[in-house]
Structures are given as C-alpha cells and as structure tokens.
Amino acid sequence: MVVIIMFICLDCGCVFDEPKHWIETHGLDSPPYEEWDGCPFCGGAYAETYKCDGCNDWLCGTYAETKNGNKYCENCYEIREVGE
C-alpha cells in the first residue's frame, strides 16, 4: 500500500503534495534573508491532511477517527447521546 502524504494550506485552503521553500531578501544584497517552507500558492502555513472516508473531501478542520483508522470530516459524523 502506497501512502501519499498531502498538505493543506491553513491560509488559502489549497491542497498540495510538497511545500515550497521561500526566500525573501527584503531588498538586501546579502544574507541574512528570511527563509521558510510554506504553501506553494500563497506562502502560508500548512498542515498534513487526509481524505475523508465518508465524502472523499480533504480534511481541513475537526475530524473524527475510528479505532480502525477511518477518518471522517465534521460533515460526515454527528455526536449523539444514547436515547436521542
């Protein structure tokens, strides 16, 4: 089984397979430069993401994980009390 790790941007919501390494020189001719890894589209912060086992959308918020490893987005599960 091949596991593909994907990431989701926490700023713009884009899903990508590899973060981009950004270098901002701020107009300087020599270092120190500002460097960071971020979303290849906007440079924002990112997190690892998974596909929802219910609707197949990318998980970008709260999700539930079952004991067998299935992951469900907040639109595919509902928490209830016994008797509801």
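Now for a description of the structure that goes with this document.

The rules behind each value
- Residues numbered from 1 in each chain as written.
- Predicted model: local features only at pLDDT ≥ 70, side-chain atom pairs only at ≥ 80, totals over all residues.
- Heavy atoms only, no water.
- Phe/Tyr/Trp six-rings, centres within 6.5 Å; stacked < 30°, edge-to-face > 60°.
- Helix = DSSP H or I, 4+ residues; strand = E, 2+ residues; numbered from the N terminus.
- Buried < 20%, exposed > 50% of the residue type's maximum accessible area, 1.4 Å probe, protein only.
- Lys NZ or Arg CZ within 6 Å of the ring centre and 35° of its normal.
- Disulfide = S-S within 2.5 Å.
- Pairing = 2+ DSSP bridges.
- Salt bridge = Lys/Arg side-chain N within 4 Å of Asp/Glu carboxyl O.

Topic: the packing of aromatic side chains
Here is step 1 of the chain: According to the stated counting rule, one finds five aromatic pairs in the structure shown.
Here is step 2 of the chain: On the basis of an interplanar angle of 70 degrees and a centroid distance of 6.0 Å, the ring pair of phenylalanine 16 and tyrosine 46 is categorised as edge-to-face. Here phenylalanine 16, found in strand S2 (residues 15-16), pairs with tyrosine 46, found in strand S5 (residues 46-49); they are 30 residues apart in sequence, far enough to count as distant.
Here is step 3 of the chain: With a relative accessible area of 28%, tyrosine 46 lands in the partly exposed category.
Here is step 4 of the chain: One aromatic cluster is present, built from ring pairs that chain together Phe7, Phe16 and Tyr46.
Here is step 5 of the chain: Against the face of tryptophan 22 rests lysine 20, its NZ or CZ located 4.1 Å from the ring centre.

Details of the state of the cysteines
Here is step 1 of the chain: Overall, the coordinates contain zero disulfides when judged by the stated rule.
Here is step 2 of the chain: We note that cysteine 9 lacks a disulfide partner, and the nearest cysteine sulfur, in cysteine 42, lies 3.5 Å from it.
Here is step 3 of the chain: Cysteine 9 gets classed as buried once you look at its relative accessible area, which sits at 4%.
Here is step 4 of the chain: Unpaired in this structure, cysteine 76 has its nearest cysteine sulfur neighbour in cysteine 73, at a distance of 3.7 Å.

With respect to the sheet that holds S5
Across a sheet, strands are paired by hydrogen bonds formed along the backbone, either parallel or antiparallel in direction.
Here is step 1 of the chain: Taken in spatial order, the three strands line up as S2-S1-S5 in an open sheet, and their pairing is antiparallel. With partners counted over all chains shown, the strands left at the sheet margins are S2 and S5, one partner each.
Here is step 2 of the chain: Two elements, strand S1 (residues 6-9) and S2, share two bridges in a ladder whose sense is antiparallel. Residue pairing for S2: isoleucine 8 is matched across the bridge by valine 15.

Section: the pairing of S1
Here is step 1 of the chain: Because side chains alternate across S1, one face comprises the buried residues Met6 and Ile8, and the other comprises Phe7 and Cys9, equally buried.
Here is step 2 of the chain: As paired strands, S1 and S5 are joined by four bridges and run antiparallel to one another. Opposite methionine 6, over in S5, you have threonine 49 as the bridge partner.
Here is step 3 of the chain: Between S1 and S2, which pair antiparallel and follow one another directly, the connecting turn spans five residues, one of which, glycine 13, has a positive phi of 85 degrees.

Re the pattern of salt bridges
Here is step 1 of the chain: Applying the stated criterion across every chain yields a total of two salt bridges.
Here is step 2 of the chain: For the salt bridge of lysine 71 with glutamate 65, the shortest nitrogen-to-oxygen distance reads 3.6 Å.
Here is step 3 of the chain: With its nearest N and O atoms 2.7 Å apart, the salt bridge here joins glutamate 78 to arginine 80.
Here is step 4 of the chain: Take arginine 80: its relative accessible area is 51%, and that puts it in the exposed class.

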